[in-house]
Structure formats: C-alpha cells, structure tokens
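# Fold and contact review
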Amino acid sequence: MKQPAAALLVLAFSLFLAASHGSGTPAAASGVTFRDVTQQSGIRFVHNNGAFGKKYLPETLGAGVAFIDYDNDGWPDIFLVNSTDWPGHAQKRSTPKLYHNNHDGTFTDVTHKAGLDAEEFYGMGVAVGDFDNDGYDDLFVTAYGQSRLFHNNGNGTFTDVTQKFGLGGIREFSTSAAWIDYDKDGRLDLVVANYVQWSPETDLYCTLDGKSKSYCTPESYKGMSVRLWHSASPC
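Moving on to the sheet that holds strand S3 (residues 97–101). Spatial ordering of the open sheet is given by S1-S2-S3-S4, a layout of 4 strands whose pairing is antiparallel. Two strands bound the open sheet, and with one partner strand each, they are strand S1 (65–68) and strand S4 (107–109). Across the sheet, the mean angle from the axis of one strand to that of its neighbour is 25°, orientation sign disregarded. Note: S3 against S4, 3 bridges, orientation antiparallel.

This next bit is on empty space enclosed by the protein. This model, assessed by the stated rule, comprises 1 cavity of 30 Å³ or more. Here the largest cavity defines a volume of roughly 70 Å³. Lining the largest cavity, in full, are Phe140, Gln146, Ser147, Leu167, Ile170, Glu172, Ser174, Val192, Arg227 and Trp229. At the level of secondary structure, the elements contributing two or more residues to the lining of the largest cavity comprise strand S6 (138–146), strand S9 (171–180) and strand S13 (227–229). Here the residues of the lining of the largest cavity are counted per class, giving 5 nonpolar, 3 polar and 2 charged.

According to the stated counting rule, one finds 1 disulfide in the structure shown. Across the disulfide from cysteine 206 sits cysteine 216; the S-S distance is 2.0 Å. The S-S bond linking cysteine 206 to cysteine 216 shows a torsion near 105°; that makes this disulfide right-handed. Taken together, the positions of cysteine 206 in strand S11 (residues 206–207) and cysteine 216 in the loop between strand S12 (213–214) and S13 put the pair 10 residues apart, joining distant regions of the chain. For the pair cysteine 206 and cysteine 216, one class covers both residues: buried.

Our next topic: the packing of aromatic side chains. Within this structure, the stated rule accounts for 15 aromatic pairs. Members of the aromatic cluster, joined through ring pairs, are Phe52, Tyr56, Trp86, Tyr122, Tyr144, Phe173, Tyr195 and Trp198. Over the face of the ring belonging to phenylalanine 121 we find arginine 148, whose NZ or CZ atom lies 4.6 Å from the ring centre.

A word on the layout of surface pockets. In this structure, the largest pocket occupies an estimated 260 Å³ of space. In this structure, the largest pocket is lined by 15 residues; those nearest its centre are Thr84, Phe121, Tyr122, Tyr144 and Arg171. The leading source of residues in the lining of the largest pocket is S6, at 4 residues. Here the lining of the largest pocket is built from residues that sort into 7 nonpolar, 3 polar and 5 charged. Taken as a whole, the second largest pocket holds about 170 Å³ of empty space. Along its surface, the second largest pocket is lined by 13 residues, and Leu149, Phe165, Leu167, His230 and Ser231 are the ones closest to its centre.

The rules behind each value
- Residue positions within a chain follow its written sequence, with the count starting from 1.
- It should be noted that, the model being predicted, local features are given only for residues of pLDDT at least 70 and side-chain atom pairs only at 80 or more, the latter also being counted only at that level, while totals for whole chains, interfaces and linings use all residues.
- Values shown for side chains rest on all heavy atoms present in the structure; no hydrogens or waters enter the calculation.
- Strand pairing follows a simple DSSP-based rule, namely that at least 2 bridges must link the two strands.
- Secondary structure is summarised from DSSP: a helix means a run of H or I of at least four residues, a strand means a run of E of at least two, and numbering begins at the N terminus for each.
- Between the N-to-C directions of two axes lies an angle of 0 to 180 degrees, each axis being a line fitted to C-alpha atoms and, for a helix, fitted only over the stretch in contact.
- Definitions used for this entry: grid spacing 1 Å over protein atoms alone; cavity, a set of points where a 1.4 Å probe fits but cannot get out; pocket, an open set with protein on both sides within 12 Å along at least 5 of 7 lines; lining residue, one with an atom within 4 Å of a point.
- Grid points are joined across faces, edges and corners, and a volume is the space filled by probe spheres set on the points.
- In the scheme used here, Gly and all other residues not listed as nonpolar or charged are polar, with Ala, Val, Leu, Ile, Met, Phe, Trp, Tyr, Cys and Pro taken as nonpolar and Asp, Glu, Lys and Arg as charged.
- Cysteine sulfur atoms are paired as a disulfide whenever they fall within 2.5 Å.
- The buried label applies to any residue whose accessible area, calculated with a 1.4 Å probe on protein chains only, is under 20% of its type's maximum; exposed applies above 50%, and partly exposed to all values in between.
- Stacked, edge-to-face and tilted labels apply to pairs of Phe, Tyr and Trp rings (six-membered ring for Trp) whose centres lie within 6.5 Å, assigned for plane angles under 30 degrees, over 60, and everything in between, in that order.
- Charge-over-ring contacts are defined here by two conditions on Lys NZ or Arg CZ: a distance within 6 Å of the ring centre and an angle within 35 degrees of the ring normal.

Okay, structure coming up:
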C-alpha cells in the first residue's frame, strides 16, 4: 500500500508545480496579498503584559482578540483583551478595548461607552457567544485570576455578570475558552482551558546564562485541568 500512496503524492506534487509555474508567472504574483491598515483604521490598541523585570510566566503569553457584531448592525466589531500591571508596580491603567465598525474601513473606540473599562484585570483570551439566547452576543474573558462574563445588554453596553451567574470566586490561570452546547438543551455551556499552577509566590528562578533570571517554560510547573460549566440560564 505504500508504493501507490507515494506515487499519488508525487503526482499531486507534480500537478502543483505545473499549475504554479506552467504559465511562466511566479505563483506569488497571483496570490493574495495583505496590507497593514492598523493606523488607517483607527485601531490604537497596545497590549500591556505588566512586565517590570521579574519575568513572570503570564507575561510570555499574548492576549486574545475576537470579532463580535455586538450591536447587530451586520458589521463585525473588534474586542481586544488586555492585561495589566502587577500589584505594587502600577504605571498605567489598562483595560480591554471594544472598537465599533464604522462601515467605511475605520473603527471607533467605544470601550468606555460600552462599560467595558470599569475594572482592570489580567486578561488572557476571549470567547463570544449568546449564552442567554437574547439575540445579542456576550463575552467571556479568561484571565490570570478572576475571569469575567460580560452580558450584552442589547443597547450598546455590557454588564459584568460574573458573580450573578455563579462564575465568581474561581481564581485560576485561564488562557482560553469556548462556548458549546454539549448536552444539546439549547443553551450554551462554557469550557475554560487552564494553563499551569503559577503565582508570584510560587514563581521559580530559571536562568539561561547562570547569572540573570529568564522566563521559565511552562513544563516547570504542574498543569491544570479544564473546567466545564453547565448553563442554567433560561432561554
């Protein structure tokens, strides 16, 4: 069975080369190109990982981003997760950002208007889903510490309902999440992925040159299991 498979692989590769170079035009010339339009679009977001020299593990992870049509106007808006400075080392205020799509290739920062800048926290990832079936997508933001559930009020604003819906009091190193109706009851449930057992108090000293501290790899810490949250929210 190995020879026919290898022959098919060679044939497929030959066809690919013929399609790419048969016309004499480089494949890249007819490919899709991208242009950086960040500044032109009005996006001014800068992620703050809070680094101040201690080389804490969470600083090595980038933050999440999601498209969400939060106002149901048919145009995808952008939500960017942010982290924050560590306790005792505050230098600037950092919050997530929500950018409204202006329908012309530009975006407007509506974070404050939407009520999403009320509190700083060390955000990691984000999952978009309409957990209460009201027709408006909500946001679950994972974090080092307390993750947050933001309910879309349907009027351009969000409310932190973490405590109200039983998600409060869980302080873990949560990196990502996904909405899924695992029991097919018509209500979205929540899966939260956790990283490792780390805290500033249990931070390990790692070094590459034997002289100065470096970031440790995650294998240096004990891993954490995921959490599955069943939705009891009425449809």
